[in-house]
Amino acid sequence: MDRTIGELGVCGQSSEMNIAWIGLHKGEEPPISKEIGSGTIFFTGCSLHCPFCQNEQISSFHTTFHTLVSEEELASYMIELQDIGAATINLITGTHFIPSIRESLIIAKERGLTIPIVWNSSGFESIEGLALIDDLIDLYLIDIKTLDEKTSVTYCSYKQYPNVIRDVVDYLIALDKRTYVDEEGSLFGLLIRHLVFPSSLKSTYEVLDYFSTHLKERAHLSLMVQFINPKERTGEPYISEKEYNELLDYLDKLGIEDGYVQELEDNVDWIPDFSKENPFPPHFASPLASFLEKRGTIQ
Ligand code: SF4
């Protein structure tokens, strides 16, 4: 299949860059969102098809939430986000559009884009693709969803995810980027995000062990406990207080200190609705008006 002639990849997209939503978003870890929010760009499509994806409206193979955006236009949106105070440019699930994103970043930087660039990804990446943008990325915000094949089949649809993420982590380690927070509170380097899946604590402990062995000295960890089943939209916690406290104790035992742990009571019982101008609660996010204008309000 050749995406450059319009054929669709497993991500559901050709090589033409489609974007689902752009705006300010306060829901990321503190150094990414800060006070005003991250300059968030949700790309359409995804090469994983997780059965419990919260962004299924925009990630699925048959999504209708796509606005064709040129490299020049994306560069302009990035500059606008910076102008309205965005703390970062937060590129969400851009894997399948890397060549276009690279071009946009180069144009935007030539026009004065200076805020940190965050590569926010499931980690289901090709090394070849990542190598194309390394020089433009300030922070890799990468999921390690699981290292267990069975859990991967259940929650990521693919048995191969653990092998892919191991290779990606090895590659990122080899880049030898330093992870640090600068004097303005921005995070650079590598932030690994892990979400606890229901009935999968064993898989979580395996990820924490792996993090401790391979990444503790060079990355920060973001441990999330707020899994929402999009079909049920339940706000009930999937782990007990006892299990949560045991996880915290285990982090202590492993000496994992740098990063963020989501509060158990931080339960959120909504998922984004991309059919709205603002898919998120108003205190969480606000859309970029110029992108909305291009997108139109009806999908
Ligand atoms: S990787 Fe993320 S965006 Fe893609 S299907 Fe899985 S949860 Fe959804």
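As a reminder, the structure under discussion sits directly above these lines.
Please read all numbers here as calculations on a predicted model, not as lab measurements.

## Description of helix H4 (residues 98–110)
Here is step 1: Compared with the 18 Å implied by 1.5 Å per residue over 13 residues, the 18 Å span of H4 between its first and last C-alpha is a close match.
Here is step 2: Residues Ile98, Ser100, Ile101, Ser104, Leu105, Ile107 and Ala108 constitute the buried set of H4.
Here is step 3: Taken together, the buried residues of H4 touch strand E2 (38–43), helix H3 (71–83), strand E4 (89–92), strand E5 (117–121) and helix H5 (127–133).
Here is step 4: The positive-phi residue at the C-terminal boundary of H4 is Gly112, with phi of around 110°.

## Remarks on the site of the ligand
Here is step 1: Neighbouring the ligand are Cys46, Leu48, His49, Cys50, Cys53, Ser59, Ser122 and Lys145.
Here is step 2: Mapping the ligand onto the cavity grids shows that it belongs to the largest pocket.
Here is step 3: Taken together, the residues that form the shell around the ligand break down as 4 nonpolar, 3 polar and 1 charged.

## Considerations on the packing of H3 against H4
Here is step 1: Packing of H3 against H4 leaves a shortest axis separation of 8 Å and a crossing angle of 55°. As the angle between them shows, H3 and H4 are arranged oblique. As for the relative orientation of H3 and H4, their crossing is right-handed in sense. In this structure, H3 uses Glu71, Glu72, Leu74, Ala75, Met78 and Ile79 to contact H4, whose residues at the interface are Ser100, Glu103, Ser104, Leu105, Ile107 and Ala108.

## Topic: the environment of Ser290
Here is step 1: Position of Ser290 among the secondary structure elements: in helix H10 (residues 289–295).
Here is step 2: Between the alpha carbons of Ser290 and Trp270 there is a distance of 26 Å; along the sequence they are 20 residues apart.
Here is step 3: Here Ser290 is in contact with Tyr77 and Glu80, once residues within four sequence places are set aside.

What counts and how
Residues numbered from 1 in each chain as written. Predicted model: local features only at pLDDT ≥ 70, side-chain atom pairs only at ≥ 80, totals over all residues. Heavy atoms only, no water. Helix = DSSP H or I, 4+ residues; strand = E, 2+ residues; numbered from the N terminus. Expected span 1.5 Å × (residues − 1). Buried < 20%, exposed > 50% of the residue type's maximum accessible area, 1.4 Å probe, protein only. Contact = heavy atoms within 4.5 Å. Near = heavy atom within 4 Å. 1 Å grid on protein atoms, 1.4 Å probe; cavity = no way out; pocket = protein on both sides within 12 Å on 5 of 7 lines; lining within 4 Å. Sits in = over half its atoms within 2 Å of the grid points. Nonpolar A, V, L, I, M, F, W, Y, C, P; charged D, E, K, R; others polar. Axes fitted to C-alpha atoms, helices over the stretch in contact; angles between N-to-C directions. Parallel < 35°, antiparallel > 145°, perpendicular 65-115°, else oblique. Left-handed = near helix turned anticlockwise from the far one by under 90°.

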